[in-house]
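One-letter residues, chain by chain:
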Amino acid sequence: MGTEAGVVIGWRRQYGDVLRDRVLGGDVRGVFDLGIRWLGTALGRTRPLVGPALGTLLVTYRCDLRCRVCRLPQRAAARRLAGDRELDERALRGVLTDMRAIGTAGVGVSGGEPMLRPDVEALLAHGTRLGMHMHLNSDGFRVADAATDLVRTGMRSANVSLDGATAAAHDAARRRTGAFETALEALAALRRARGARRTPRVTAVTVLTAANVAHVEAVADVAREAGADRLGILPVHDFGQGETPPDAASLAAGMDALHRLHASGFLDNSLAYVDLVPRALSGGESPLRCYAPQASVVVDCYGDVYPCFPLMERGEPVGRIPLIRSWRSPAYEAARRRLASCRACLWNCHAELNLVLPQPRRLSGRVG
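Residues numbered from 1 in each chain as written. Predicted model: local features only at pLDDT ≥ 70, side-chain atom pairs only at ≥ 80, totals over all residues. Heavy atoms only, no water.

Caption draft 1: Representation of empty space enclosed by the protein within the structure. Scanning the entire structure with this criterion turns up one cavity of 30 Å³ or more. Counted as a void, the largest cavity has a volume near 200 Å³. Along the wall of the largest cavity there are 19 residues; nearest its centre are Cys290, Cys308, Cys342, Ala344 and Cys345. Top contributing element to the lining of the largest cavity by residue count: helix 17 (residues 348–354), with three residues. In the lining of the largest cavity, the residues fall into 14 nonpolar, three polar and two charged. (1 Å grid on protein atoms, 1.4 Å probe; cavity = no way out; pocket = protein on both sides within 12 Å on 5 of 7 lines; lining within 4 Å. Points joined across faces, edges and corners; volume = space filled by probe spheres on them. Helix = DSSP H or I, 4+ residues; strand = E, 2+ residues; numbered from the N terminus. Nonpolar A, V, L, I, M, F, W, Y, C, P; charged D, E, K, R; others polar.)

Take a look at the structure:
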């Protein structure tokens, strides 16, 4: 999809879901709000004109898995040794209330593994009552048993991690026997609990690596059979774990498969993002202007505030709660200025949003 500056070059299917739901629901004000939000984000610089489109609430760094590509459980252990304690439910409700107050459109409840917290359903329901699009990211832990309660929270979508088409492949990536069956049961249970309703939409998300990129179509087949509405992808980013790029043959096979999955309508990601996968897997810089410092906010379970997910991975906060004060603080504005030229990552949630916002003319034609 080609572009001139200021024209959409990528359109993630879940964005279309949001727009379609508002149109079909007769939510004229909601459709108008989307347009104002796009314009305000596009024009904002160090002082945003609108609230963030994307909020992430990391309710815990603890996890039932020890995935090769993630070090968050180790961070949880280090924080406990340092005497730090996770925010309680009341404090996390306060974060969600502040997210709504600064104009956040949607919030992903994530971790670690968020289902390790007994209050996760209450937090999802609180965000829904505040009028935000609530979303859950999980590896599947406890989801099957809690599926009915999760659907009752009013959450609009859920992601379940699925990195392989077989138990051997997925369990090796997630470093736990039985993780594959847990993920499939979670997908199936959410789909059953949803019944005839359109929401929550259920997506299987695959972290693409050298080990699985050539097999992504098989992963999609398994996800579809389990009950997923779509497959989403996130190319692995090297946060110090020493990633090896895929060989040329594996990458070519994976790219062909991703284009077929997009053409079939089962892939959530935009075609423009798919074309950036080789760059991401090789560790290359993003060609996109990044709007994450204006368009997103991340708050973790200890009250640290980050402008994007990768900075959370690196443990580089720009402030502390209360969020309503931090969002417009001098420290946050300084971070936005500093990050204005950042091209360090192609993290899916940030890059996909960048692709629907104005980009330099040099990106005309295929972005990959």
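There's more to say after this.
Caption draft 2: Region of interest: the side chain of His170. Assignment of secondary structure puts His170 in helix 7 (residues 167–174). Residue His170 is classed as buried on the basis of its relative accessible area of 1%. (Buried < 20%, exposed > 50% of the residue type's maximum accessible area, 1.4 Å probe, protein only.)

Caption draft 3: Structural view of the packing of aromatic side chains. Taken as a whole and assessed by the stated rule, the structure comprises four aromatic pairs. Residues Tyr61 and Tyr302 carry aromatic rings whose centres are separated by 5.9 Å and whose planes lie at 35° to one another, so their mutual orientation is tilted. Of this pair, Tyr61 sits in the loop between strand 1 (54–58) and helix 3 (72–81) while Tyr302 sits in the loop between strand 7 (296–299) and strand 8 (304–306); the two residues are 241 residues apart in sequence, bridging distant segments of the chain. For the pair Tyr61 and Tyr302, one class covers both residues: buried. An angle of 20° between the planes, with centres 5.0 Å apart, marks the rings of Phe309 and Trp347 as stacked. With Phe309 in helix 14 (residues 309–313) and Trp347 in the loop between helix 16 (330–339) and helix 17, this residue pair connects regions lying 38 residues apart in the sequence. An identical accessibility class is assigned to Phe309 and Trp347; each is buried. The cationic tip of Arg224 hangs over the ring face of Phe266; the distance from NZ or CZ to the ring centre is 4.1 Å. Over the ring of Trp327 we find Arg336; its NZ or CZ atom is 4.5 Å from the centre of that ring. (Phe/Tyr/Trp six-rings, centres within 6.5 Å; stacked < 30°, edge-to-face > 60°. Lys NZ or Arg CZ within 6 Å of the ring centre and 35° of its normal.)

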